Every structure is written in structure tokens, then in C-alpha cells.
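Listed below are the residues making up each chain.
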Amino acid sequence: MTTIVTGAGSGIGRATAELLLDGGEAVVGVDLDPERLTWLDAHERAAAVTGDVGSEETNADMVSEALWHFGSLDALVLNAGISHIGPLEHTGPELIDRILRVNLRSVALGLRAALPALLRAGNPAVVTVASISGLQGEPAMGLYAASKGGVVNLTRSAAVELGPRGIRVNCVCPGPTLTGMAAPVLAARPEIGERLRRNVPLKRLAQPIEVARVIRFLISPAASFVHGAVVPVDGGITANVGQYPPPDPGGS
């Protein structure tokens, strides 16, 4: 089995790629920063593609790399993304374009580029990585939430469109996760991390591997009838509709 994983240089993408490689599968890792992909050099069944996932060229390159090195493309994990916190009034046009390019345009281009190869695979599957921000409004995260909401509904539409052609498409929506993308935000504003922890019924943030395991399941034959699903991996945040802080274990 050969899988493309975008954003494989760190966080959930790297955890997913490592999990697949540890299982003996082939991986094409994609990232904008070549230094973040050097860890793939230690794996015989891995290939790296450096580039902007918002460009048609990079998406074509990653599919070509999978076919050239491993002869097929069986699964696609569209994970690459960037975060942004700030009021809409301070979010300029260039930043708006960048957020939508990396978080949403890349998913559309990735699906489009991989489609011919996936149609030739035996049991093809796609997983997009959105966010619980795509399922609800969040103050100071409007553009990020909009981009991830776009991923959620693009996934649903792709599932309806591609299911009859044999391609399963699902979406994972992580909650607060201890990734490299989150670390600077939590370091600069520790009150955000504390607020998130209070609102997570499991009382902690996720580790990237915990999201990666769900992605691995969704692209595997074990999920053969899971299609068009939007799966929160969030420690129960989206179950807490009113965002009331769950009680602490000590009863306070």
C-alpha cells in the first residue's frame, strides 16, 4: 500500500507517516520545508516531495513520485495546514489568501491530482484533516474556521461524487493537539492552553499519534464501509455543545 501524506514534516502528518512506515507500507511525504522531511531518509519505503501544496505543480509531483517509486497510489492523506489567531479586522487580504490556499485550495488540488491514480487502485481511500474549528464558530479564528469548514464540506461532496467510483473519502477533525503548529501559540498565550484543557472532557490535549491512529484506520480495509464521515478526534469537546467546563476529577 502506498500513501501520500501532506504536511509530513511534523505533527499529525509526521505521526501518520511514521505509523504507516512502521507497518511496512510505502509513504510519499510532502512538506514546504525540505529540512523537515530529512527524517524520511532513514526509511527504504519512503520518498519526499518538497513544495507548496497550494500549487498544481507540487500536487502533480507528489502523485508522480508515488507512481515512479512504488508503482501505485492507494491512499491520500491531505493533512497540510496552517493556523491563525486574530480578529478579522486585522486579517489582511494576503493572509486571507494564504490561509485559504494552504488549508482549502490544497485539498481540492490534491484530490484532483490524485484521482486518476486512485481510480486504478484496488481499494482507494482519502482522508482529509480539518479541525473542530470547521464544525463551529470561534472568536478570533474566523478565517481558519472558514477554511476548515470548507474542507469538511468539500470532503462530504467528494464522498458523494467519488463513492460510486469506488473511492472512499472521510474527514478527521482534530481538537487541540500538541503539534509544532500549536506550540508557539500555546507558548505565547498559555491561557489558551489552560482554557482548552478545561473544556476538554478528557482534561488534556491530544498527542499527534492519537489522531494518526484514526487516520490509519480510515484508510485501511477495516473501514471499508466508512464513507463521507466527519470524525472528531477531540477528547469530547464537540460533545460539550455549550462549552461548559466539565468538572475536574477532584470535584471542584
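Residues numbered from 1 in each chain as written. Predicted model: local features only at pLDDT ≥ 70, side-chain atom pairs only at ≥ 80, totals over all residues. Heavy atoms only, no water.

Visitor: Any chance you could explain the sheet that holds strand 7 (residues 230-233) here in plain terms?
Guide: The parallel open sheet is built from 7 strands, whose spatial order is 3-2-1-4-5-6-7. Two strands in the sheet have a free side with no partner beyond their single neighbour: strand 3 (46-50) and strand 7. Taken pair by pair, the neighbouring strands of this sheet meet at an average axis angle of 15°, ignoring direction. Packed on one face of the sheet, helix 2 (residues 56-70) meets strand 1 (2-6), strand 2 (26-31), strand 3 and strand 4 (75-78) and runs near 160° to strand 3. Across the sheet, helix 4 (residues 142-162) touches strand 5 (125-129), strand 6 (168-174) and strand 7, and the angle it forms with strand 6 is around 160°. (Pairing = 2+ DSSP bridges. Helix = DSSP H or I, 4+ residues; strand = E, 2+ residues; numbered from the N terminus. Axes fitted to C-alpha atoms, helices over the stretch in contact; angles between N-to-C directions. Contact = heavy atoms within 4.5 Å.)

Visitor: Sorry if this is basic, but what is going on with the side chain of Asn103 here?
Guide: Note that Asn103 resides in helix 3 (residues 93-119). Here Ser147 takes part through its side chain, which lies 3.1 Å from a polar atom of the side chain of Asn103. For Asn103, the contacting residues outside a window of four places in its chain are Ala80, Gly81, Ile82, Tyr144, Ser147, Lys148 and Val151. (Polar contact = N/O pair within 3.5 Å; in protein donor to acceptor, adjacent residues only side chain to side chain.)

Visitor: Help me out: how do you make sense of the pattern of salt bridges in this one?
Guide: Two side chains of opposite charge can pair, provided their charged atoms sit close to one another. In this structure the tally under the stated criterion is 5 salt bridges. Across the pair Glu18 and Arg14 runs a salt bridge whose closest N-O atoms are separated by 2.9 Å. Taken together, the positions of Glu18 and Arg14, both in helix 1 (residues 11-22) and 4 residues apart, correspond to about one turn of that helix. The shortest N-O distance in the salt bridge between Arg204 and Glu210 comes to 2.7 Å. (Salt bridge = Lys/Arg side-chain N within 4 Å of Asp/Glu carboxyl O.)

Visitor: Would you explain the packing of helix 3 against helix 4 in this entry?
Guide: Between two packed helices, both the angle of their axes relative to each other and the distance between the axes serve to describe the pair. Put simply, helix 3 and helix 4 touch, their axes get as near as 8 Å, and they point 15° apart. For the element pair helix 3 / helix 4, the angle class is roughly parallel. Crossing of helix 3 over helix 4 shows right-handed handedness. Between helix 3, through Ile96, Ile99, Leu100, Asn103, Leu104, Val107, Ala108, Leu111 and Leu115, and helix 4, the contact on the second element is made entirely by Leu143, Tyr144, Ser147, Lys148, Gly150, Val151, Leu154, Ala158 and Leu162. (Parallel < 35°, antiparallel > 145°, perpendicular 65-115°, else oblique. Left-handed = near helix turned anticlockwise from the far one by under 90°.)

Visitor: Just to check I follow, could you spell out helix 1 for this structure?
Guide: Each turn of an α-helix holds 3.6 residues, which means side chains three or four residues apart point in the same direction. The end-to-end C-alpha distance of helix 1 is 16 Å, a good match for the 16 Å that 12 residues give at a rise of 1.5 Å each. Those residues of helix 1 lying buried are Gly11, Ile12, Gly13, Ala15, Thr16, Ala17, Leu20 and Leu21. The elements touched by buried residues of helix 1 are strand 1, strand 2, strand 3, strand 6 and helix 7 (208-219). A positive backbone phi angle near 85° is found at Gly24, which sits one or two residues after helix 1. (Expected span 1.5 Å × (residues − 1). Buried < 20%, exposed > 50% of the residue type's maximum accessible area, 1.4 Å probe, protein only.)

Visitor: Just checking my understanding: could you explain the environment of Val214 for this structure?
Guide: Tracing the backbone through its elements, the reader meets Val214 in helix 7. Look at Val214 and you get partly exposed, because its relative accessible area is 23%. Considering only alpha carbons, one finds Val214 and His90, 124 residues apart in sequence, at a separation of 36 Å. Beyond its immediate stretch of four places on either side in the chain, Val214 contacts Val172, Val231 and Val233.

The analysis is restricted to geometry; functional conclusions fall outside its scope.
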